Protein chains: 4
Amino acid sequence: MSGILRLSHAEVRVPDLELALAYYSEVVGLVVTHSEADKAYLKGWDEHQHHSLVLAAAPTYGLNSLAFKVVERSELDRLQDRLVAAGISTSRHEPGELGEASGETVRFLAPSGHTIDLEHGQGQVGNGLPLLNPPPAPDNLVGMHPPRLDHIFLLCEDVDAITAFFTDVLEFRLTEQIMADDGHQLTTFLERTHTPHDIAFLTGPDGGFHHLAYWVDEWNDLRTAADTCAYHGIQIDAGPTRHGATRGCGLYFFDPAGNRNEVYTGGYHFDPDDEPTTWTEAEMGRAIFTYKGQVQQSFMSVHS
Amino acid sequence: MSGILRLSHAEVRVPDLELALAYYSEVVGLVVTHSEADKAYLKGWDEHQHHSLVLAAAPTYGLNSLAFKVVERSELDRLQDRLVAAGISTSRHEPGELGEASGETVRFLAPSGHTIDLEHGQGQVGNGLPLLNPPPAPDNLVGMHPPRLDHIFLLCEDVDAITAFFTDVLEFRLTEQIMADDGHQLTTFLERTHTPHDIAFLTGPDGGFHHLAYWVDEWNDLRTAADTCAYHGIQIDAGPTRHGATRGCGLYFFDPAGNRNEVYTGGYHFDPDDEPTTWTEAEMGRAIFTYKGQVQQSFMSVHS
Amino acid sequence: MSGILRLSHAEVRVPDLELALAYYSEVVGLVVTHSEADKAYLKGWDEHQHHSLVLAAAPTYGLNSLAFKVVERSELDRLQDRLVAAGISTSRHEPGELGEASGETVRFLAPSGHTIDLEHGQGQVGNGLPLLNPPPAPDNLVGMHPPRLDHIFLLCEDVDAITAFFTDVLEFRLTEQIMADDGHQLTTFLERTHTPHDIAFLTGPDGGFHHLAYWVDEWNDLRTAADTCAYHGIQIDAGPTRHGATRGCGLYFFDPAGNRNEVYTGGYHFDPDDEPTTWTEAEMGRAIFTYKGQVQQSFMSVHS
Amino acid sequence: MSGILRLSHAEVRVPDLELALAYYSEVVGLVVTHSEADKAYLKGWDEHQHHSLVLAAAPTYGLNSLAFKVVERSELDRLQDRLVAAGISTSRHEPGELGEASGETVRFLAPSGHTIDLEHGQGQVGNGLPLLNPPPAPDNLVGMHPPRLDHIFLLCEDVDAITAFFTDVLEFRLTEQIMADDGHQLTTFLERTHTPHDIAFLTGPDGGFHHLAYWVDEWNDLRTAADTCAYHGIQIDAGPTRHGATRGCGLYFFDPAGNRNEVYTGGYHFDPDDEPTTWTEAEMGRAIFTYKGQVQQSFMSVHS
């Protein structure tokens, strides 16, 4: 299991932790695994590890950090060496040091201005189903109840540079890119899991956070999620719709703090020897939203 | 990219190649990439490599061989060394030597009696969509048109032994198992792609072939596939239904030669540190078919 | 609004009323509107009238009666006259006389041995949504929660005769029929709502009850219903599958007393000037279950 | 079969008949039943009657007329009498007089400025399936291929008046209404088929045409329809999304002439004794588009 396995979790800021916790547990339907005064830990129902979302009480909304899962401890060392060789400062953290159930972690600040953790050995809590003769699903799921985290979408000024960093140093593979007419990358989609993206970068301010996406299994689940938003008065930003890039389908909406969420499904399998897909700037609207063929202002301007 | 990436393809015997080719291209809706006197090569529409199914004219039905994809050439050497160290005879084949578009290959006979290839560098043909500003799908898909191969289900006498071989030598991970009351493994599910299974073994005759499964995206696609069978008079064996093991949903049916096919969807993500699920012999019916809770005779007895 | 509007409700016998009530409210997800010592009244969540199912405590399972809704009071008189003219004994019942919220009713024993009510003015209770600015659905639905009743399937010895009675006297229209090789009708499908069937008759013992079917909106709901059965250990008889006759899709299962239930979706619009469809006896298996092409023994033999 | 059965067909103007015919047959996937120099006749694949859409070559886009189906010839007379009694001028037309396969027709100009036909006995052509042992669907369907027409949405200045006319004279039932703060009806939904609407009126210019909607069976069909639009470069106006009023789901898009089309699914059964639902002007956005909670400018301003 060389290198990074997958996106593990993200720590997101919310001014009203209690409200955010109610939203993420009852509307999104995540499972709360631990809660303390200024932090709460949640996961998709079918995730076995302790958390895929950490809510941190803070005056503003936005992203504190994101983490990738590394299965082999020796790979943590190897990746830390690659980071150091690339001129990146790293810090090393013992299990439990970075929060409840946290594993051994290499932390660094990416050139895009995002704090990134490579984590080995986060605590496992199981998915709520017995390991002997289980039913297909637990009986107590509420709201959208996505089974697991899928991807994260960030912003930074130099998408070309961060894409090179992710492919060269962190060994991600480029699946799709939207190219500006001047030859720069406007948006790039990068994977470690042979899906269309585990992380993507959109041109914008350094350290910017566009959305965190949970997986759902089918197009019907997107309607259920949208109905859930409608029922609870949650503001929908776009969808249910299909993306041109990734060919997946998604629904965008906002948590009470203003962080954008997505539930996402579909996409494709990507082999390491498959060729990336390129979108021209003129077709960016269709690359993001296939059906409308254009991106509403809010999608580009509202982020943190 | 250490070790085996995924199931690559299978070579299946058919007495009437022309009839089989019509069935697999028009009913299943695979894409024919090459055809010669006694062999034909097909793939799911969204696969980029040359083939995931090879049809070989032969007096009987059944499986000639299956192949796993290895991305790094150096990993071919390493895996060959592991096989040799485990006392397995291997042969090495140059690109093109084992058939149209075949890559560099290590071939061996597994203890289960199946001929297995580890292949690096099979020819790539693309998925029929342009690499610049593509539409969501080609416009000329027919029949069930699954996008890609998913898994293969084999039989052998000693499931414990082949499972140990696949985990110890080929570095697969066990996701689920059906245990006989006497402590032996009746069925095991093994993965390299973090899905519920890339290959599974059921107790039966050595070298036996139960089914080859293509992926479809949603439960609705299983109904479309079943309607397609009904329209063309194709014999359905079971489904659409849900499996207990893998939690996926599938439809089983037979090609004109008698080889069992499945279209499959669903399942879950499996991390290397997740625990396998165990089914008892008493619950085997539910492990295979959740809804009926029992396995019809044909499912266990009809294979090759 | 001339004649019969639609199937209104059925009264079904259950030996253990408490158990049946738990099943129909928690597993099927019907809404209980009234309950007394030996009777309980339930409805699909989106039905506005008081009940579509009445459970009656009794030593055996089976059907006590079924009822059709008549919108105009004057049509009750006209239909009663038609029954009398056809030699059928009828009785007339005041609102409330035949049970909680019952409307004015003409009751008769059909030639098939079934007690049938024509009811005008059953009590209305609403569908649980406000009449001002409603959300798409209530938030407290559990189990399969079908929105409404769809059809009933009965048995009798002389299907030709009961079909003639339903078309000639009760003004139903024939949509489909399965013909025996000897020229008799084996099964007939009859409608008042321009759907494939509101009632159907299968050859069998007089007064026999095959199943009561609730509507669900989509194929996905049938999987949810099957998962619900699996979770609660409810015995599934067949499906999810497609019927040849009606072109609809359904799932069959049994209540704890042994009465067969169906959840059903699909079908088509049938105009009064459309031609009925005919199935031959040789194709009866496909007429019932398109995918298997055969009817399992239990489907024909298990009824009341 | 008293009164109007259902919406039968609409005649729509298109400047380029050949282009419109290509669009409606290949993209929408309607079946062409007759075509002449300046008119073409089409139907949904599962409709048995000759046409549900007539395309008429004309310099502009918009609606020429709409027609309701009347099953009983005597009901034509009765409805004509009601129209005359209401002060409406009517004309009577023999079969074939108003176009290919047209039935006996009462034509009148509604107070809303729309030409409306009540038609009895349009020619029947069947749905393309055999009447003996049919498969579930024809094998030659292309594009969105909706099975049948669902409803029509018109504009007029005085929605209160046309609603009263449709309920009082034509015996429609009101299912939902959006009320202006000043007490007038902004939008009304009217039915004859026990569905949420066969016709609806929105405040706007007299004689205005908002959209014609075909039925599809499921939410998944809306994604297929949207993918079809994307593939063919057809402009999507809104959706796939859910409506608050009718609770149905739909996709809006434009034909090459500028006429708005919808494919629609869902909704509910409406009994004649059910209460209508009311939406306030403040909630009109949610009544039209539940998920966005607002109506884009184009939806209100673009019509004919």
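Residues numbered from 1 in each chain as written. Chains lettered and ligands numbered in written order. Predicted model: local features only at pLDDT ≥ 70, side-chain atom pairs only at ≥ 80, totals over all residues. Heavy atoms only, no water.

Participant: Is there a simple way to explain the sheet that holds strand E6 (residues 90–93) of chain D in this structure?
Facilitator: In a beta sheet, neighbouring strands are held together by backbone hydrogen bonds and run either parallel or antiparallel to one another. Residue and element names in this part refer to chain D. As summarised here, the arrangement of the eight strands in space is E2-E3-E4-E1-E5-E8-E7-E6, forming an open sheet in which the pairing is mixed. Where the open sheet ends on each side, the last strands, each with one partner, are strand E2 (31–35) and E6. Neighbour to neighbour, the strand axes of the sheet diverge by 25° on average, direction disregarded. With four bridges connecting them, E6 and strand E7 (residues 104–109) associate as antiparallel partners. (Pairing = 2+ DSSP bridges. Helix = DSSP H or I, 4+ residues; strand = E, 2+ residues; numbered from the N terminus. Axes fitted to C-alpha atoms, helices over the stretch in contact; angles between N-to-C directions.)

Participant: Would you mind going over the interface of chain D and chain A with me for this structure?
Facilitator: It is common to give the size of an interface as the accessible area lost on bringing the parts into contact. Listed as interface residues are 14 residues of chain D and, on the opposing side, 14 residues of chain A. Carbon and sulfur atoms make up 53% of the area that chain D and chain A hide from each other, which totals about 1500 Å². Interface area lost by chain D to chain A is led by Trp219(D), Arg223(D) and Tyr291(D), which between them contribute 45%. On the surface where chain D and chain A come into contact, there are two salt bridges. Measuring nitrogen to oxygen at the nearest pair gives 2.7 Å for the salt bridge that ties Asp227(D) to Arg242(A). On the surface where chain D and chain A come into contact, there are eight residue pairs in polar contact (both at pLDDT 80 or more). Of all the elements in the fold, those that place two or more residues in the side of chain D that touches chain A are helix H4 (219–232) and strand E14 (236–242) of chain D. For the side of chain D that touches chain A, the per-class residue count stands at seven nonpolar, two polar and five charged. (Contact = heavy atoms within 4.5 Å. Buried area = accessible area lost by both parts, 1.4 Å probe. Salt bridge = Lys/Arg side-chain N within 4 Å of Asp/Glu carboxyl O. Polar contact = N/O pair within 3.5 Å; in protein donor to acceptor, adjacent residues only side chain to side chain. Nonpolar A, V, L, I, M, F, W, Y, C, P; charged D, E, K, R; others polar.)

Participant: I'm lost on unusual backbone geometry in this one. Help?
Facilitator: Among all residues except glycine, the phi angle is most often negative; among peptide bonds, the trans geometry is most common. Cis geometry is found at the peptide bond from Gly239(C) to Pro240(C), where omega equals 5°. One can find Pro240(C) in strand E14 (residues 236–242). Residues other than glycine seldom take positive phi values, yet Ala101(A) does so here, at roughly 65°. Tracing the chain through its elements places Ala101(A) in the loop between strand E6 (90–93) and strand E7 (104–109).

Participant: For this particular structure, what's the right way to read the pattern of salt bridges?
Facilitator: For side chains of opposite charge, pairing can occur when their charged atoms come near one another. Residues and elements named next belong to chain A. Considering all chains together, one arrives at 68 salt bridges over all chains under this definition. Close ionic contact of Glu171 with Arg78 constitutes a salt bridge, the shortest N to O distance being 2.8 Å. Taken as a pair, Glu171 in the loop between helix H3 (159–168) and strand E10 (173–179) and Arg78 in helix H2 (residues 73–85) lie far apart in primary sequence, 93 residues in all. By relative accessible area, Glu171 is classed as buried at 19%. A residue is classified by how much of its surface remains accessible, and Arg78, at 27% relative accessible area, is partly exposed. (Buried < 20%, exposed > 50% of the residue type's maximum accessible area, 1.4 Å probe, protein only.)

Participant: Please explain helix H1 (residues 17–27) of chain D as it appears in this structure.
Facilitator: Each α-helix winds once per 3.6 residues, and so residues spaced three or four apart point in a common direction. Residue and element names in this part refer to chain D. Among all positions in H1, only Leu17, Ala20, Leu21, Tyr23, Tyr24, Ser25 and Val27 are buried. Two or three places before Glu18, at the start of H1, stands the capping residue Asp16, its side-chain oxygen 3.3 Å from that residue's backbone nitrogen. Directly beyond the C-terminal end of H1, a positive phi value near 85° is found at Gly29.

Participant: What should I look at first to understand the packing of aromatic side chains in this one?
Facilitator: Aromatic ring pairs: the centre-centre distance and the angle between the two ring planes describe each pair. Residues and elements named next belong to chain A. What the rule picks out here adds up to 50 aromatic pairs over all chains. Here Phe68 and Phe172 contribute two aromatic rings whose centre-to-centre distance is 5.2 Å and whose plane-to-plane angle is 65°, an arrangement assigned as edge-to-face. A residue pair is termed long-range when its members are at least 10 positions apart, and Phe68 in strand E5 (residues 62–70) and Phe172 in the loop between H3 and E10 qualify at 104 residues. Following the ring pairs from residue to residue traces out a cluster consisting of Phe68, Phe108, Phe165, Phe166, Phe172 and Phe201. (Phe/Tyr/Trp six-rings, centres within 6.5 Å; stacked < 30°, edge-to-face > 60°.)

Participant: Explanation requested: the relation of the copies chain B and chain A in the structure shown.
Facilitator: The two chain copies are connected by a rotation around an axis plus a translation along it. With an RMSD of 0.0 Å, the fit of chain B onto chain A corresponds to turning through 180° and sliding 0.0 Å along the axis. Overall, the copies show the geometry of a two-fold rotation axis. Of the interface residues in chain B, 100% have counterparts in chain A that sit at the interface too, so the contact is made through matching surfaces. (Least-squares fit on C-alpha atoms with pLDDT ≥ 70 in both.)

Participant: Which parts of the structure should I look at to understand the relation of the copies chain D and chain A?
Facilitator: Once chain D is rotated about the relating axis by 180° and shifted along it by 0.0 Å, it coincides with chain A to within an RMSD of 0.0 Å. Comparing interface residues between copies, 100% of those in chain D also lie at the interface in chain A; the contact surface is shared.

Participant: I tried to follow the domain arrangement of chain A on my own but got confused; where do I start?
Facilitator: Residues and elements named next belong to chain A. Domain parsing of chain A yields domain 1 (4–120) and domain 2 (148–299). The straight-line distance from the C-alpha centre of domain 1 to that of domain 2 is 20 Å. Contact residues are listed per partner, giving 39 residues for domain 1 and 38 residues for domain 2. Approximately 3000 Å² of surface area, both sides summed, lies buried where domain 1 meets domain 2, with 70% of it carried by carbon and sulfur atoms. In terms of surface lost to domain 2, no three residues of domain 1 exceed Ile4, Leu7 and Tyr23, which account for 20% of the buried area on that side. The tally of links from domain 1 across to domain 2 stands at 15 residue pairs in polar contact (both at pLDDT 80 or more). Listed by contribution, the elements that provide at least two residues to the side of domain 1 that touches domain 2 are strand E1 (4–14), helix H1 (17–27), E5 and H2. Per-element tally for the side of domain 1 that touches domain 2: the top contributor is E1, with ten residues. For the side of domain 1 that touches domain 2, a count of residues per class yields 26 nonpolar, eight polar and five charged. (Domains from an automatic or database assignment.)

Participant: Would you take a moment to explain the packing of helix H4 (residues 219–232) of chain B against helix H4 (residues 219–232) of chain C for this structure?
Facilitator: Relative orientation and spacing of two packed helices are given, respectively, by the angle between their axes and the distance between those axes. Put simply, H4(B) and H4(C) touch, their axes get as near as 9 Å, and they point 105° apart. Judged by the inter-axis angle, H4(B) sits roughly perpendicular to H4(C). Within the contact between the two elements, H4(B) uses Trp219(B), Asn220(B) and Arg223(B) and H4(C) uses Trp219(C), Asn220(C) and Arg223(C). A breakdown of the residues in the contact of H4(B) with H4(C) according to their chemical character gives two nonpolar, two polar and two charged. (Parallel < 35°, antiparallel > 145°, perpendicular 65-115°, else oblique.)

Participant: Please clarify how the pairing of strand E12 (residues 199–203) of chain B should be interpreted in this entry.
Facilitator: Each regular strand shows side chains that alternate between the opposite faces of the sheet. All names here are of chain B. For E12, the tally of buried residues reaches four of five residues, placing the bulk of the element in the interior. With five bridges joining them, strand E9 (residues 148–156) and E12 adopt parallel strand pairing. Looking at E12, one finds that Leu154 is bridged to Phe201. Judged from the four bridges that link them, strand E11 (residues 185–191) and E12 form a sheet pairing that is antiparallel. By the bridge assignment, Thr188 is partnered in E12 with Phe201.

Participant: What is the right way to read H2(A) from this model?
Facilitator: Residue and element names in this part refer to chain A. For H2, built from 13 residues, the straight-helix expectation of 18 Å at 1.5 Å per residue is met to within 8% by its first-to-last C-alpha distance of 19 Å. Burial in H2 covers these residues: Glu75, Leu76, Leu79, Gln80 and Leu83. Here the buried residues of H2 occupy an arc of 140° about the axis, which is enough to place them on one side. Summarising the geometry of H2, the exposed residues directed more than 90 degrees from the buried face are Asp81 and Ala85. Where the residues of H2 are buried, they touch E1, E5, E6, E7, strand E8 (115–120) and H3. Note on H2: the residue one or two positions beyond its end, Gly87, has a positive phi of about 85°. (Expected span 1.5 Å × (residues − 1). Arc of directions from axis to C-beta.)

Participant: Would you mind showing me how to read the side chain of Thr187(A) here?
Facilitator: Note that Thr187(A) resides in strand E11 (residues 185–191). In contact with Thr187(A), other than residues within four places in its own chain, are Phe153(A), Val159(A), Glu176(A), Gln177(A), Ile178(A), Phe201(A), Leu202(A) and Met284(A).

Participant: Any chance you could explain the nonpolar core here in plain terms?
Facilitator: Nonpolar side chains in soluble globular proteins tend to end up buried together. The biggest cluster of nonpolar side chains holds 128 residues, and the ones touching the most others in it are Phe166(B) and Phe166(C). With sequence-adjacent residues up to four places away left out, Phe166(C) is seen in contact with Phe68(C), Ile116(C), Glu171(C), Phe172(C), Leu190(C), Ile199(C) and Phe201(C). If you look at the next biggest cluster of nonpolar residues, it comprises 127 residues, including Val28(A), Ala110(A), Ile199(D) and Ala226(D). (Core = buried A, V, L, I, M, F, W, Y, C linked by side-chain atoms within 4.5 Å.)

Participant: Help me understand the sheet that holds strand E3 (residues 39–43) of chain A, please; the structure alone is not making it clear to me.
Facilitator: Residue and element names in this part refer to chain A. Spatially, E2-E3-E4-E1-E5-E8-E7-E6 is the arrangement adopted by the eight strands of the open sheet, whose pairing is mixed. At either margin of the open sheet sits one strand with a lone partner, and together these are strand E2 (31–35) and E6. Going from strand to strand, the sheet's axes swing by 25° on average, the running direction of each strand aside.

Participant: Please clarify how the interface of chain B and chain A should be interpreted in this entry.
Facilitator: Taken together, the contact between chain B and chain A spans 42 residues of the former and 42 residues of the latter. Buried surface at the junction of chain B and chain A, summed over both partners, amounts to about 3600 Å²; 50% is from carbon and sulfur atoms. Among the residues chain B hides against chain A, the three largest losses belong to Leu131(B), Asn133(B) and Arg247(B). Together they make up 17% of the total. Taken together, chain B and chain A are joined by eight salt bridges. The salt bridge partner of Lys69(B) is Asp271(A), with a shortest N-O separation of 2.7 Å. Summed over the shared surface of chain B and chain A, the result is 24 residue pairs in polar contact (both at pLDDT 80 or more). Those elements that place two or more of their residues in the side of chain B that touches chain A are strand E1 (4–14) and strand E17 (277–280) of chain B. At four residues, E17(B) tops the list of elements feeding residues into the side of chain B that touches chain A. Considering only residue class, the side of chain B that touches chain A consists of 15 nonpolar, twelve polar and 15 charged.

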